[in-house]
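Below are the chains, spelled out letter by letter.
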Amino acid sequence: MNKILLAIGSIFFLAGCGTISLSGLPDKPLEAGNDGRVQQYLEENLIADSENAICNFESLNQPNGNVVEVWALCEEFMLNENGSLEKGQTMSIPVKITFASPTLYVIPEDGERYVPSLRENFSEVAVEKILAQDVYDVSELEIRNMNRATKWLLTPTEE
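Because the structure is predicted, anything quoted here is derived from the model rather than measured.

Caption draft 1: Just the sheet that holds strand 4 (residues 104-106), in detail. Strand order in the open sheet made by the four strands is 1-2-3-4, with antiparallel pairing throughout. At either end of the open sheet lies a strand with only one pairing partner, and these are strand 1 (53-64) and strand 4. When the angles between neighbouring strand axes are averaged without regard to direction, this sheet yields 30°. In terms of strand pairing, strand 3 (residues 85-98) meets strand 4 through three bridges, oriented antiparallel. Across the sheet, Lys96 pairs through a bridge with Val106, a residue of strand 4. Each of strand 1, strand 2 (67-79) and strand 3 is contacted by helix 5 (residues 138-154), which is oriented at about 50° to strand 2, the strand it contacts most.

Caption draft 2: Inspection of the side chain of Glu76 at higher detail. Here Glu76 lies in strand 2. Setting aside chain neighbours within four positions, we find Glu76 in contact with Ile47, Ser50, Asn52, Ala53, Glu86, Lys87, Gly88 and Gln89.

Caption draft 3: Representation of the pattern of salt bridges within the structure. Under the counting rule described, the total for this entry stands at five salt bridges. Put simply, Glu43 and Arg148 hold a salt bridge, and the shortest N to O gap is 2.7 Å. Within this pair, whereas Glu43 is found in helix 2 (residues 33-45), its partner Arg148 is found in helix 5, the two being separated by 105 residues in sequence. Taking the relative accessible area as the measure of exposure, Glu43 reaches 5% and is therefore buried. What you see here is one network of salt bridges that share partners, running through Glu109, Arg113 and Glu120.

Caption draft 4: Quick look at the pairing of strand 3. Summarising the sheet, strand 2 and strand 3 pair through 12 bridges and their orientation is antiparallel. Counted as the bridge partner of Ala72 is Ile93 from strand 3. Between strand 2 and strand 3, which pair antiparallel one after the other, the connecting turn spans five residues, and Gly83 there sits at a positive phi close to 80°. Taken together, strand 3 and the strand that follows it, strand 4, pair antiparallel across an intervening segment of five residues.

Criteria and thresholds
- Within each chain, residues carry numbers counting from 1 in the order of the written sequence.
- It should be noted that, the model being predicted, local features are given only for residues of pLDDT at least 70 and side-chain atom pairs only at 80 or more, the latter also being counted only at that level, while totals for whole chains, interfaces and linings use all residues.
- Derived side-chain values reflect all non-hydrogen atoms in the structure, with water molecules and hydrogen atoms excluded from consideration.
- We treat two strands as partners when DSSP finds at least two bridges between them.
- Counting from the N terminus, the helices are the DSSP runs of H or I reaching at least four residues and the strands are the DSSP runs of E reaching at least two.
- Every angle, taken between N-to-C directions, lies between 0 and 180 degrees, and every axis is a line fitted to C-alpha atoms, over only the stretch in contact when it is a helix.
- It only takes one pair of heavy atoms within 4.5 Å for two residues to be counted as in contact.
- Here, a salt bridge means any Lys or Arg side-chain nitrogen found within 4 Å of an Asp or Glu carboxyl oxygen.
- Exposure is judged per residue with a 1.4 Å probe applied to protein chains only, and the accessible area is read against the type maximum: over 50% gives exposed, under 20% gives buried, and values in between give partly exposed.

In structure tokens:
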């Protein structure tokens, strides 16, 4: 009985800890449904050493229900001394995410291995779109990231 109570207490403690923001910022705005799930995964994993990463993406392909292939733009946003947004790290890259236990992601290698690693790890549909560069618009993703960062970091919150 004590073990059950300890387990339940631990769950409530951990659940409560998830709502505390170490940086004092409000929760990041996410898209609804699976798009928000993808955004959150990208933000937690691609620029993993930053709590201020914002990611948006364009879908390349969804080979099955647990796998999505996207072109992601992740950018780190910070407030400077003047109270305006400043960008830090940036990453624009194709990502294949497999939502399983554990969830995994694949990104292509750099340099000479870029195209071969695309072909080895991504679906033919996604590879064609990546190489043709006709599905994703990085400037549009930048606008979407800036809008989310502004909403998150510059919009006053009610206490």
